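# Results of the structural survey
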Amino acid sequence: MSTTSSPSSAGNNGDGSASSPTTSAIVAQVVSGSHVVKIDGYSRTRGHGNGRFIRSETYHVGGHRWGMHYYPDGDSPDNADWISMYLFLDHTDGNEVKAQFNISLVADQHGESATSYGKTTSRLYAFTVTRPWGFGKFIRAKDH
């Protein structure tokens, strides 16, 4: 974040005359980026087990190290018929990182037109090393 301001001395210029109002700004740093995680052999990942994830390699976006947790059989019994996808922060400095994100999946149809699925968050989420965020019901497994 950066700030700018103009100093004043209790609303006057020190000689009794009125001064102009001061202004300041607080600017939140915004960084954007993207990363592609390829699920090679999707059909072979099915049957991995409900609640069990496959972890992507980590990657750097916006000065932070991230990764994906891919649950081919859902992240919980309630989501057993779904593919679950979560973004996680992979660093140990203890700092919270706020992010808005989009997760998309493009299904390669072996030469045919690809089908794309995606979900975007509508707000900022606070990530910590112990708190991933994502979608328990990302795509219904039978739709892919």
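Throughout this document, residue positions are counted from 1 along each chain, in the order its sequence is written. Only residues with pLDDT of at least 70 are given local features in this predicted model, and only at 80 or more are side-chain atom pairs given and counted; all residues enter the totals for whole chains, interfaces and linings. The basis for every side-chain value is the complete set of heavy atoms in the structure, and neither hydrogens nor water enter the calculation.

### Observations concerning the pattern of salt bridges
Only one rule defines a salt bridge in this text: a Lys or Arg side-chain nitrogen within 4 Å of an Asp or Glu carboxyl oxygen. Under the definition given, this model contains 3 salt bridges. A salt bridge links arginine 46 to aspartate 73; the shortest N-O distance between them is 3.0 Å. Within this pair, whereas arginine 46 is found in the loop between helix 1 (42–45) and strand 3 (54–55), its partner aspartate 73 is found in the loop between strand 5 (64–71) and strand 6 (82–89), the two being separated by 27 residues in sequence. One salt bridge connects aspartate 90 with arginine 65, and the closest N-O pair in it is separated by 3.1 Å. With a gap of 25 residues between them, aspartate 90 in the loop between strand 6 and strand 7 (97–99) and arginine 65 in strand 5 connect regions that are remote in the sequence. Think of it in three bands: with a 1.4 Å probe and only protein chains considered, a residue is buried below 20% of the maximum accessible area for its type, exposed above 50%, and partly exposed in between. Under the relative-accessibility criterion, arginine 65 is labelled partly exposed at 30%. When salt bridges with common partners are traced through the structure, they connect Arg55, Arg65 and Asp90 into a single cluster. Secondary structure counts use DSSP, requiring at least four H or I residues in a row for a helix and at least two E residues in a row for a strand, with both numbered from the N terminus.

### Some words on the nonpolar core
The biggest cluster of nonpolar side chains holds 21 residues, and the ones touching the most others in it are Trp66 and Phe127. Residue assignment for this core shows that the elements contributing at least two residues are strand 4 (59–61), strand 5, strand 6, strand 7, strand 8 (102–109), strand 10 (125–127) and strand 11 (133–140). Among the elements that line this core, the one with the most residues is strand 6, at 4 residues. Pairs of residues are marked as contacts when any of their non-hydrogen atoms sit within 4.5 Å. Discounting residues that sit within four places of it in the chain, tryptophan 66 has contacts with Glu57, Thr58, Tyr59, Val61, Leu87, Phe88, Leu89, Asp90, Val97, Ala99 and Phe127. To qualify as a nonpolar core, a set must consist of buried Ala, Val, Leu, Ile, Met, Phe, Trp, Tyr and Cys residues joined through side-chain atoms within 4.5 Å.

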